[in-house]
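# Per-entry structural report
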Amino acid sequence: MKNAQFRAKLLLGLGCCLPALATSAMAQTTEAAVDAEEIIVLGSRIPRLSQEGPAPVTVINADAIRANGYTSVPDILRAVTQNGGETQSQQSFSGASFTPGAQQVDLRGLGPNHTLVLVNGRRIADFPLPFQGRSNFTDISNIPLGLIERVEVLSGSASAIYGSDAIAGVINFELKKNADGTTFDYRYGFTDRGGGASHRISATSGWSNETFHIVGGIEYMLQKPIWGYQRKIQDSTADNPTTAAPLGRRVFLRYDPDNDEYVDPGADTCAALSYLNEGSTYYASRPRYGAYDPVLDDYGPGYFCGSNTSIGYGTIISRREGFNSFASAGLTLSDSAELFLDAQFGISKVSLMPDVLNWAYQDSSGSSDTTFYNSFDGVLDDWSRQFTPEESGGFSNVMTRNRQTTFSITPGIKGSLDDKWTYEVSFNHSEYKAKVKFPQVIAAEANALFLGEQLGIDDDSGYPVFYADPERLYTPLTQAEYDSIAVYSVYNPKSWTDNLSATVSSTELFSLPAGPVGFAAIAEFGKQGYDLNPDPLALTDYYYGLKDSDGHGKRTHWALGGELRAPVTDFLQVSVAGRYDHFRFAGNGVGKFTYNAGMELRPVSTLLVRAAYGTGFRAPDLHYVFTGPGNTHPSATDYYLCRTEEPDEDIGDCSYADSGIVAQRNGNRQLKPETSKSLNAGIVWAPSRYFDVSVDYFRVSLSNQVQDLSIDSLLRDEADCRIGETMNGTPVDIASPTCQDAIARVHRFAGGVSEGELDAVSINPINIAHEKTSGIDIALHGRLPTDFGEFALSLAHTHVFDHKFRQYPGDTAINKLAEDSGYYIPRDKTTGSITWSLDDLRWTVEGKRLGKLPNYDEDAYIKASYLFNTTLQYDFTDHLRASFTVTNVFNKNPVKDPTYSAYPYYDISWFDSVGRSFYLQVTYKLGGSPL
């Protein structure tokens, strides 16, 4: 066919099929191009000859994964320049608290819940615990690296093809499905600075005859932990760049609420505790926390028993041990029908530690006010302490543990209806179960152990009365005492998804003068659900500092969609797709029609001009809808007290700025879908088979975004309403619905020394926010054959023009790229590699550049960072290959930020202190074609 030959020649000429970060054998022989089979491209259900479509797709194959030294799936996706959002690292305290062991991807910086993740083109169950305690997302950490054939990344809206969630883009992990022998692979890794050794073993094999074929693989992985105390840049509070002298952690602290000062324990008291925290506990102080000195006209130092090095008692890299397996089988029934079955099973155990446990007095209502009346010496008192490894029996007793099990199975039938039509009918079931054990302190038991029985309520202050000898605060616990107050709170969360789908497609629905018209149609019906199944006691004030929320629910879903691709002329092809999705949950029904349209213009064989426009949506998140009441503990500014009690102070300098409060959160069953509009437009130029370059503009606009009610906005409204005017003097009616709602949501203490101060704010998610981002993606590939080997270059770069966010209509838009925006996302990301190949030897050097980020004080930027990896690979025989990889070749630390006062003193979303690492990998194949 004339059109098919034209597309085959274009395939040969366009190096665009050599995507960023990947190696490819495309365009090496004209015969291979002309005889190329039609393939399914990410972002379309219609088979085609060329991998290029109206929207750019990045492909990273197994060879590129090995050559670039990627050691995990999150590591692969960090190299994807379109992955520009903040995600939780393995050091994240929030991640350890809400989603231990899970990791996310965030295309275009629009949030992990706006990127659709597929495995073998099919959805997988969400991680069963919510991201930051709020939204559902897909965990990428359990996808087996050694069993991946390729990773496909489509950035831009694809809801018209895939339905909900595909707003920022789609990532598809294709596992190995072709095996002409048995392949064994072993990788061993270790770090230059100690800790973090790893092992990975995988095997793939297959068998086939005239009617049956099967391919499968298994992988075992063991990653040992790295601890904070193993890295010099974060093993002590002395590493804090903002303090001239180390500020010890307050391991044992007594505080006087009446005088707002620390109570001095005495040097001898701390000396008796000096063996704790591995001998690092000492008589410590902090400036201006002591009694007022009239001579100096300032407050003196406040004393306590502290430690500088206990801050390093957390994991940088979690311990992970896992087993994964998959199988794909097919049975030919006839020339037009084949039964198939895909299955995957995985189990992993993750252990991590964000910090040591601690305690302060907590009443039965879970109040954040830790003050009590101590009748021992007749004063208001406040005790707090951390628990040392000597008391807890070592770190193993306080690590958060997560045992995860994933399972998916897809039986189906596929084949052809005639020479023009193909079909597939399949049922997919995927589930994710976990058993998560969080170490907790039982509030009432700890109160009784340290303070004794409550003796009543003090008439003057309203605080509970205890007769508590301060010596008890400074007495280390025995193992039995610790075990009596510290336990594991066990959660058994589960998520699942079922989907029945039927697809028909034709590459020649009918013919136009320029060639055949392709068509595909799909019908889907499915169910999805989750159940947090938390420890029932965690839903009460039983544990210190924790009152969690429950969440469980399900929804049904059906969809109908179609796609059409038509060659208008020999050099112009257009494609359109439309889809209607309907969800039903909590007695409500929501539906959404989405569409996209694309154009591919090829004026000459070496040039492709492309554009795509699409709409997208995300159905209301299950956890946003079904979460039950629960508490978190953020900080907030009390605008009412700042304006009434300290009117001459700037808000930022007010005593009531950044105060700790309780956020009381609930779900919202009236949420509507989020919607988006996405535009891609660009060119691909390939003047020869050895060189190509592409430049693509992108723009994504997200509306009706679900966000929690803003605590800051509620507190501003409450202050305006109580005072009767805004800070600018505009009158405010306290009887207005806005005022009544804000006042009802803000809760203040009714008595005691904290009377009138902020206690809690009630919030819930709503459809309100708007977000927009735009920029360009650039990709370049080149090959240069020489007499002393072939050189190959691959380069990808993303530059963001703008990224703006607005919480409420009428608000001033926040520039997320600004230094003072409260967001830490880069404007630029670059990944490039150079490979030299000579006979059986191959050497790759890969470099990554992360653009400048706001500093911690948000008044300037820290400089861009660079990271280099290298891999040397040699084929000893056609069936034996070995490679040696060094990551972070120059042993670089995170970029220094002299304002970063929070541990570990660098931005853990983008950096870590693992340092230089080494990996030795050996691959051996029995039978079949060469490696």
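Cut-offs and rules
Residues numbered from 1 in each chain as written. Predicted model: local features only at pLDDT ≥ 70, side-chain atom pairs only at ≥ 80, totals over all residues. Heavy atoms only, no water. Helix = DSSP H or I, 4+ residues; strand = E, 2+ residues; numbered from the N terminus. Rg over C-alpha atoms; globule rule 2.2 N^0.38 Å. Buried < 20%, exposed > 50% of the residue type's maximum accessible area, 1.4 Å probe, protein only. Contact = heavy atoms within 4.5 Å. Salt bridge = Lys/Arg side-chain N within 4 Å of Asp/Glu carboxyl O. Patch = residues over 30% accessible without salt bridge, like charges linked within 9 Å, V, L, I, M, F, W, Y side chains within 5 Å. Areas by Shrake-Rupley, 256 points an atom, 1.4 Å probe, with all protein chains shown as cover. 1 Å grid on protein atoms, 1.4 Å probe; cavity = no way out; pocket = protein on both sides within 12 Å on 5 of 7 lines; lining within 4 Å. Points joined across faces, edges and corners; volume = space filled by probe spheres on them. Pairing = 2+ DSSP bridges. Axes fitted to C-alpha atoms, helices over the stretch in contact; angles between N-to-C directions. Core = buried A, V, L, I, M, F, W, Y, C linked by side-chain atoms within 4.5 Å. Phe/Tyr/Trp six-rings, centres within 6.5 Å; stacked < 30°, edge-to-face > 60°. Lys NZ or Arg CZ within 6 Å of the ring centre and 35° of its normal. Disulfide = S-S within 2.5 Å. Arc of directions from axis to C-beta. pLDDT = per-residue confidence, 0-100.

On to the overall build of the protein chain, then. Counting its regular elements, the protein chain contains 15 helices and 50 strands. In terms of C-alpha radius of gyration, the protein chain reaches 30 Å, essentially the compact-globule figure of 30 Å for 931 residues. For the protein chain, with 931 residues in total, the buried portion stands at 54%. Counted over contacts in the protein chain with a minimum sequence separation of 6, partners at least 24 positions apart contribute 72%.

Moving on to the environment of Ile201. Examined against the element boundaries, Ile201 turns out to sit in strand β7 (residues 198–208). For the pair Ile201 and Thr115, spaced 86 residues apart in sequence, the C-alpha separation works out to 30 Å. In contact with Ile201, other than residues within four places in its own chain, are Asp185, Tyr186, Ile218, Glu219 and Tyr220.

Tallying each qualifying case throughout the model produces 38 salt bridges. With a shortest N-O distance of 2.9 Å, Glu391 and Arg385 are connected by a salt bridge. The class for Glu391 is buried, based on a relative accessible area of 1%. Given a relative accessible area of 1%, Arg385 falls into the buried group. The closest approach of N and O atoms between Arg579 and Asp581, which form a salt bridge, is 2.9 Å. The residues Arg579 and Asp581 share a single accessibility class, namely buried. Three or more residues joined by partner-sharing salt bridges are found here, namely Arg45, Glu524, Arg579 and Asp581.

As a further point, take a nonpolar patch on the surface. Nonpolar side chains collect at one region of the surface, where Val425, Phe427, Leu500, Phe525, Trp558, Leu560, Tyr580, Phe593 and Tyr595 lie side by side and expose about 820 Å² of accessible area between them. Listing elements by their share of the nonpolar patch, those giving two or more residues are β23 (421–441), β29 (552–569) and β31 (588–604). Among the secondary structure elements, Val425 is positioned in strand β23.

All right, on to empty space enclosed by the protein then. Overall, the coordinates contain 13 cavities of 30 Å³ or more when judged by the stated rule. Empty space within the largest cavity amounts to approximately 320 Å³. Forming the walls of the largest cavity are 28 residues, and the residues nearest its centre are Gly43, Pro54, Ala55, Asn596 and Ala612. When residues of the lining of the largest cavity are traced back to their parent elements, those giving at least two are β29, β30 (572–585), β31, β32 (607–618) and β37 (674–688).

Pairing is mixed in the open sheet, where four strands are placed in the order β33-β36-β40-β39. In this open sheet, the two edge strands, each paired with only one partner strand, are β33 (630–632) and β39 (746–748). Direction aside, the axes of adjacent strands within the sheet are offset by 25° on average. Inspection of the sheet shows strand β36 (residues 662–665) paired to strand β40 (residues 758–763) by four bridges, in the parallel sense. Counted as the bridge partner of Ala663 is Val761 from β40. Contacts between helix α14 (residues 711–723) and the sheet are confined to β36, β39 and β40, with β40 contributing the most and set at about 115° to the helix.

So, on to the nonpolar core. Counting residues in each nonpolar core, the largest one holds 34 residues, and the members touching the most others are Met353, Trp359, Phe387, Phe450 and Leu451. Of all the elements in the fold, those that place two or more residues in this core are β10 (249–256), β19 (358–360), α10 (443–451) and α11 (479–485). Element by element, the count of residues in this core is highest for α10, at four residues. Those residues in contact with Phe387 that lie beyond four places of it in its chain are Val356, Leu357, Asn358, Trp359, Val441, Phe450, Leu477, Tyr482 and Ile485. Of all hydrophobic cores here, the second largest spans 30 residues; its members include Ile65, Ile76, Val117 and Ala168.

A few words now on the packing of aromatic side chains. Within a pair of aromatic rings, the relevant descriptors are the distance that separates the centres and the angle that separates the planes. Per the counting criterion, the structure on display carries 38 aromatic pairs. Ring centres 5.0 Å apart and planes at 80° place the aromatic pair Tyr874 and Phe876 in the edge-to-face group. Ring pairing ties together the aromatic residues Phe127, Phe131, Phe137 and Tyr432, which thus form one cluster. Just above the ring of Phe340 sits the side chain of Lys414; from NZ or CZ to the centre is 5.4 Å. Stacked on the ring of Tyr861, the Lys or Arg Lys852 has its end atom at 4.3 Å from the ring centre.

Moving on to the pairing of strand β8 (residues 212–223). Where β7 meets β8, eleven bridges bridge the pair, whose relative direction is antiparallel. Paired with Ser198 across the strands is Gln223, a residue of β8. Count of turn residues in the β7/β8 antiparallel hairpin: three residues. Two strands pair when backbone bridges link them, and β8 and strand β17 (residues 319–334) are joined in this way by twelve bridges, in the antiparallel orientation. Paired with Met221 across the two strands is Gly322, which belongs to β17.

If you walk through the whole model with that rule in mind, you get three disulfides. Disulfide pairing places Cys270 opposite Cys305 at an S-S distance of 2.0 Å. Between Cys270 and Cys305, the S-S dihedral sits near -90°, and the bridge is therefore left-handed. Taken together, the residues span a long stretch of sequence, with Cys270 in helix α7 (residues 267–272) and Cys305 in strand β15 (residues 302–307) at a distance of 35 residues. Residue classification places Cys270 among the buried positions, given a relative accessible area of 1%. One disulfide bridge connects Cys642 with Cys654, the sulfur atoms lying 2.1 Å from each other. Between Cys642 and Cys654 the sulfur-sulfur dihedral comes to about -100°; the bridge is accordingly left-handed.

What follows deals with the pairing of β7. Here strand β6 (residues 182–191) runs beside β7; their pairing, made up of seven bridges, is antiparallel. Counterpart to Arg187 in the pairing with β7 is Arg200. Where β6 folds back on β7, the antiparallel hairpin that results is connected by six residues, among which Gly194 adopts a positive phi of roughly 100°.

Bringing helix α15 (residues 737–745) into the picture now. The set of residues buried in α15 consists of Cys739, Ala742 and Arg745. Taken down its axis, α15 places every buried residue within 140° of arc, on the same side. Of the exposed residues in α15, the ones pointing more than 90 degrees away from its buried face are Pro737 and Ala744. Against α14, β39 and β40 lie the buried residues of α15.

So, on to the sheet that holds strand β4 (residues 148–155). With mixed pairing, five strands are arranged side by side in an open sheet as β1-β4-β5-β2-β3. The sheet terminates laterally at β1 (57–61) and β3 (122–123), the two strands that pair on one side only. Sheet analysis places β4 next to strand β5 (residues 169–175), joined by seven bridges and oriented antiparallel. Across the sheet, residue Arg150 finds its bridge partner in β5, namely Glu174.

Detailed reading of the predicted coordinates is not advisable wherever pLDDT is low. Across the protein chain, the average pLDDT comes to 91, with 95% of residues at 70 or higher. Considering each helix and strand of the protein chain separately, the mean pLDDT is smallest for helix α1 (residues 2–13), with a value of 34, and largest for strand β9 (residues 226–227), with 98.

Before going further, it helps to spend a moment on α10. By the burial criterion, the buried members of α10 are Ala443, Ala446, Asn447, Phe450 and Leu451. Along the long axis of α10, the arc covered by the buried residues comes to 105°, so they all point the same way. A positive backbone phi angle near 85° is found at Gly452, which sits one or two residues after α10.

On to unusual backbone geometry. The peptide bond linking Tyr903 to Pro904 adopts the cis configuration, its omega dihedral lying at 5°. If you trace the backbone, Pro904 turns up in the loop between β49 (880–887) and β50 (917–926). Its identity is not glycine, yet Asn120 carries a phi of approximately 55°, on the positive side. Here Asn120 shows up in the loop between β2 (115–119) and β3.

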